[in-house]
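Fold and geometry: a report
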2 protein chains.
Amino acid sequence: MVPGHEIIGIVNKIGSKVGRYKIGDKVGVGCFADSCRKCEACLKGLEQYCFEGPNLTYNALEKDGKTPTQGGYSEKIVVDENYVLSIPNNIPSDQAAPLLCAGITMYSPLMHWNAGPGKKVGIMGLGGLGHIGIKIADALGAEVTVLSHSLRKQEDGKRLGADNFYATSDPQTFKKLKRSFDLIINTISIEIDWDRYLNLLALDGTMVLVGVPEKKSPLGFAALGGGRRSIAGSSIGGIRETQEMLNFCSKHNISSDIECIPIQQVNEAYQRVVNSDVRYRFVIDNKSISN
Amino acid sequence: MVPGHEIIGIVNKIGSKVGRYKIGDKVGVGCFADSCRKCEACLKGLEQYCFEGPNLTYNALEKDGKTPTQGGYSEKIVVDENYVLSIPNNIPSDQAAPLLCAGITMYSPLMHWNAGPGKKVGIMGLGGLGHIGIKIADALGAEVTVLSHSLRKQEDGKRLGADNFYATSDPQTFKKLKRSFDLIINTISIEIDWDRYLNLLALDGTMVLVGVPEKKSPLGFAALGGGRRSIAGSSIGGIRETQEMLNFCSKHNISSDIECIPIQQVNEAYQRVVNSDVRYRFVIDNKSISN
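Residues numbered from 1 in each chain as written. Chains lettered and ligands numbered in written order. Predicted model: local features only at pLDDT ≥ 70, side-chain atom pairs only at ≥ 80, totals over all residues. Heavy atoms only, no water.

Another point: the environment of Gly65(B). Residues and elements named next belong to chain B. Within the secondary structure, Gly65 is located in the loop between β5 (58-61) and β6 (68-70). The exposure class of Gly65 is partly exposed, given its relative accessible area of 45%. It is 22 Å that separates the C-alpha atoms of Gly65 and Gly45, two residues lying 20 residues apart in sequence. (Helix = DSSP H or I, 4+ residues; strand = E, 2+ residues; numbered from the N terminus. Buried < 20%, exposed > 50% of the residue type's maximum accessible area, 1.4 Å probe, protein only.)

On to the interface of chain B and chain A, then. Each partner contributes residues to the interface: chain B has 37 residues there, and chain A has 37 residues. Among the residues of chain B in contact with chain A, Leu203(B), Phe221(B) and Arg228(B) are the three that bury the most area, contributing 25% of the side total. Counting the contacts that link chain B with chain A gives two salt bridges. Taken together, the connections running from chain B to chain A amount to 13 residue pairs in polar contact (both at pLDDT 80 or more). Of all the elements in the fold, those that place two or more residues in the side of chain B that touches chain A are α1 (40-43), α3 (102-112), α7 (194-198), β12 (201-209), β13 (217-219), α8 (222-225) and β14 (230-233) of chain B. No other element matches β14(B), which puts four residues into the side of chain B that touches chain A. Residue composition of the side of chain B that touches chain A, by class: 17 nonpolar, twelve polar and eight charged. Relative to β13(B), strand β13 (residues 217-219) of chain A runs antiparallel, the two sharing three bridges. Its bridge partner being in β13(B), Leu219(A) is matched across the sheet by Ser217(B). (Contact = heavy atoms within 4.5 Å. Buried area = accessible area lost by both parts, 1.4 Å probe. Salt bridge = Lys/Arg side-chain N within 4 Å of Asp/Glu carboxyl O. Polar contact = N/O pair within 3.5 Å; in protein donor to acceptor, adjacent residues only side chain to side chain. Nonpolar A, V, L, I, M, F, W, Y, C, P; charged D, E, K, R; others polar. Pairing = 2+ DSSP bridges.)

The two chain copies are connected by a rotation around an axis plus a translation along it. In screw terms, the move from chain B to chain A is a rotation of 180° and a rise of 0.0 Å along the axis, fitting with an RMSD of 0.0 Å. Given the turn and translation reported, the copies of this chain are related as if by a two-fold rotation axis. When each C-alpha of chain B is compared by its distance to the rotation axis, Pro218(B) comes out closest, at 1.9 Å. Most of the interface of chain B is mirrored in chain A: 100% of its interface residues are interface residues there too. (Least-squares fit on C-alpha atoms with pLDDT ≥ 70 in both.)

This part covers helix α3 (residues 102-112) of chain A. Residue and element names in this part refer to chain A. Burial within α3 is extensive, with nine of its eleven residues counted as buried. For α3, the set of buried residues is Ala102, Gly103, Ile104, Thr105, Met106, Tyr107, Ser108, Pro109 and Leu110. Packing partners of the buried residues in α3 comprise β8 (120-124), α4 (128-139), β11 (181-186), β12 (201-209), α9 (239-251) and β16 (281-285). One or two positions beyond α3, positive phi appears at Asn114, with a value near 60°.

Next up on the list: the sheet that holds strand β9 (residues 143-148) of chain B. Whether parallel or antiparallel, the strands of a sheet pair through hydrogen bonds between backbone atoms. The mixed open sheet is built from twelve strands, whose spatial order is β10(A)-β9(A)-β8(A)-β11(A)-β12(A)-β14(A)-β14(B)-β12(B)-β11(B)-β8(B)-β9(B)-β10(B). Here the strands that pair on one side only, and so sit at the sheet edges, are β10 (164-167) of chain A together with β10 (164-167) of chain B. Here the strands of the sheet are splayed against their neighbours by 20° on average, with no regard to which way each runs. Pairing of β9(B) with β10(B) involves four bridges; the strand directions are parallel. Residue pairing across strands places Val146(B) opposite Phe165(B), the latter belonging to β10(B). (Axes fitted to C-alpha atoms, helices over the stretch in contact; angles between N-to-C directions.)

A few words now on unusual backbone geometry. The residue after Arg279(A), namely Tyr280(A), is reached through a cis peptide bond having omega 0°. Along the chain, Tyr280(A) falls in the loop between α10 (266-274) and β16. The phi dihedral of Arg179(A) falls on the positive side, at around 60°, and the residue is not glycine. Structurally, the position occupied by Arg179(A) is in the loop between α6 (171-176) and β11. A residue is classified by how much of its surface remains accessible, and Arg179(A), at 22% relative accessible area, is partly exposed. Its identity is not glycine, yet Asp204(B) carries a phi of approximately 65°, on the positive side. Relative to the elements of secondary structure, Asp204(B) occurs in strand β12. For Asp204(B), a relative accessible area of 30% translates into the label partly exposed.

Bringing the packing of aromatic side chains into the picture now. Considering all chains together, one arrives at six aromatic pairs over all chains under this definition. For the pair Phe32(A) and Tyr83(A), a centre-to-centre distance of 6.2 Å together with 75° between the ring planes defines the contact as edge-to-face. Taken together, the residues Phe32(A) in strand β3 (residues 32-34) and Tyr83(A) in the loop between β6 (68-70) and β7 (85-86) connect sequence positions 51 residues apart. Here Phe32(A) and Tyr83(A) have matching classes, each one buried. Taking 5.5 Å as the distance between ring centres and 55° as the angle between the ring planes, the aromatic pair formed by Tyr107(A) and Phe248(A) counts as tilted. Placement of the pair is Tyr107(A) in helix α3 and Phe248(A) in helix α9, with a sequence separation of 141 residues. Residue classification places Tyr107(A) among the buried positions, given a relative accessible area of 2%. The lysine or arginine in question, Arg179(A), covers the ring of Phe51(B), its NZ or CZ lying 4.0 Å from the ring centre. (Phe/Tyr/Trp six-rings, centres within 6.5 Å; stacked < 30°, edge-to-face > 60°. Lys NZ or Arg CZ within 6 Å of the ring centre and 35° of its normal.)

Residues and elements named next belong to chain A. For the pair α3 and α4, the least separation of the axes is 8 Å and the interaxial angle reads 50°. With respect to each other, α3 and α4 are oriented oblique. Regarding α3 and α4, the two cross each other, and that crossing is right-handed. Listed contacts from α4 to Ala102, Gly103, Thr105, Met106, Tyr107 and Leu110 of α3 are Gly128, Leu129, Gly130, Ile132, Gly133, Ile136 and Ala137. Residues that form the contact of α3 with α4 fall into these classes: eight nonpolar, five polar and no charged. (Parallel < 35°, antiparallel > 145°, perpendicular 65-115°, else oblique. Left-handed = near helix turned anticlockwise from the far one by under 90°.)

Attention now moves to the pattern of salt bridges. Evaluation of the coordinates by the stated rule reveals 30 salt bridges over all chains. Across the salt bridge formed by Lys216(B) and Asp195(A), the nearest N and O atoms sit 3.5 Å from each other. With one member in each of two chains, Lys216(B) in the loop between β12 and β13 and Asp195(A) in helix α7 (residues 194-198) form a pair that bridges those chains. Here Asp277(A) and Arg272(A) are joined by a salt bridge, their closest N and O atoms 3.0 Å apart. The class of Asp277(A) is partly exposed, set by a relative accessible area of 41%. Residue class for Arg272(A) comes out partly exposed when judged on its relative accessible area of 22%. Three or more residues joined by partner-sharing salt bridges are found here, namely Lys135(A), Asp156(A), Arg159(A), Asp257(A) and Arg279(A).

Moving on to the pairing of β11(A). All names here are of chain A. Counted residue by residue, β11 has five buried out of six residues, so it is predominantly covered. In terms of strand pairing, β8 meets β11 through four bridges, oriented parallel. Counterpart to Gly122 in the pairing with β11 is Ile184. Bridge count for β11 against β12 is five bridges, and the pairing is parallel. Along β12, the bridge assignment pairs Ile184 with Met207.

Dropping the structure here:
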């Protein structure tokens, strides 16, 4: 299995029917490289929810049902133009790459649940997803609060655009922020006490899960029913919305904070990700593959 | 503790400042008889979510914080006119009473989540709540499907207005109805496999909990994230909306299917409720109190 799903490159060959891109264009490929194109989700431009499952960019199969998809840790990738994004020139390629997963994963729910002026948005977890979420929510005009385990990254949070920063290890946080948020984007992937966090939502507030916890956590009625609150799930975004996100990031000078490494350092980088020691995304320079 | 929170009676005395009701009016009192009147929820007419907690009609305290509220198993009750509902004359009192809790509990989420023509609504559980939910969702023009443990009540479901009826004890139900519903109102109060039921929701569908399970059930990301689905909680309704619901029921000739009993049979009735042997609500005739 070869991974890689936040891929940027330059078009070096096109098929005879390709109309959208030309040789030399800076383009990107995200988490999926095809989908059924016929179901309700695909027809709505929500290919990420394709009823047959989108054809993921790696560790999956192409539409023929047998050819493995091989991801972006490679010198070349062949993708249908309909699943290719145009990367704005003012975003450096290495800083643009994480927008194709982390960026759209945050942009899509922020847009869908109307983050903007007058809205209070909480971002749970300040990692690869969270740090782009802060930037986008801030650019949308929302009041942004980071809910991080400790205050260790507070300075970063403020620099990225957060208005407020609270430690969830401090029980006072849950008293102070009760009924605060219109929207919480939950990027963390560990078990949590749903009610404790749901009580931070205002009347009619929504917590959107974008992180995938390994284990389920028990959910009851109390915090949901006490304020017509919701828990929702959101996965990346469709092609149209991903392009919209890239254009939005271009306009607002948003990109990912990254460390760019040669592929030879990938094992060390992996260990640092496991240790939460990355601010905030590793990007592999594929030029190093041929070294 | 004296219960009773679906109360109908005739006004027999009014205070000097009462302007909304006069002696002889048919009125009702629901689950709460007062609230703080100052918080965001109260100001929005959503007194059921009052930030200080609404003053429940029984087993609670009045606003003085010490006088117990004593419910409706009584010959008289004194309530501020702002927390009293006007009962339309074309609904018999005994059939109107359950609308004040069961009715509004179903009406509020059906309205809030836009049940109506072109929408597919699932009602989980056919009991006191479910049977009124079918009637209201049908009157709103939605396509109504009952999800009941068995097919035992199928005939009733169809008579009440359901278009479809499925047994959740049949595993085929979960295959057939995958991605079916825009909205599911979950009235059941036992532990459930969230993912199994959430997968019955269409893209962007919502399951609204109105039943209060004794135990929590484990929730993960998969079914929510697989279709931008939501789980929400809803509690009864505000005074304004409860009046709206009563007027809606009057217009559409909706009332509760009941068995009216003298209070002397209350213990037997309780046991029958525990055994799910009621179609679909017991109502106590308070004239029997003085017998």
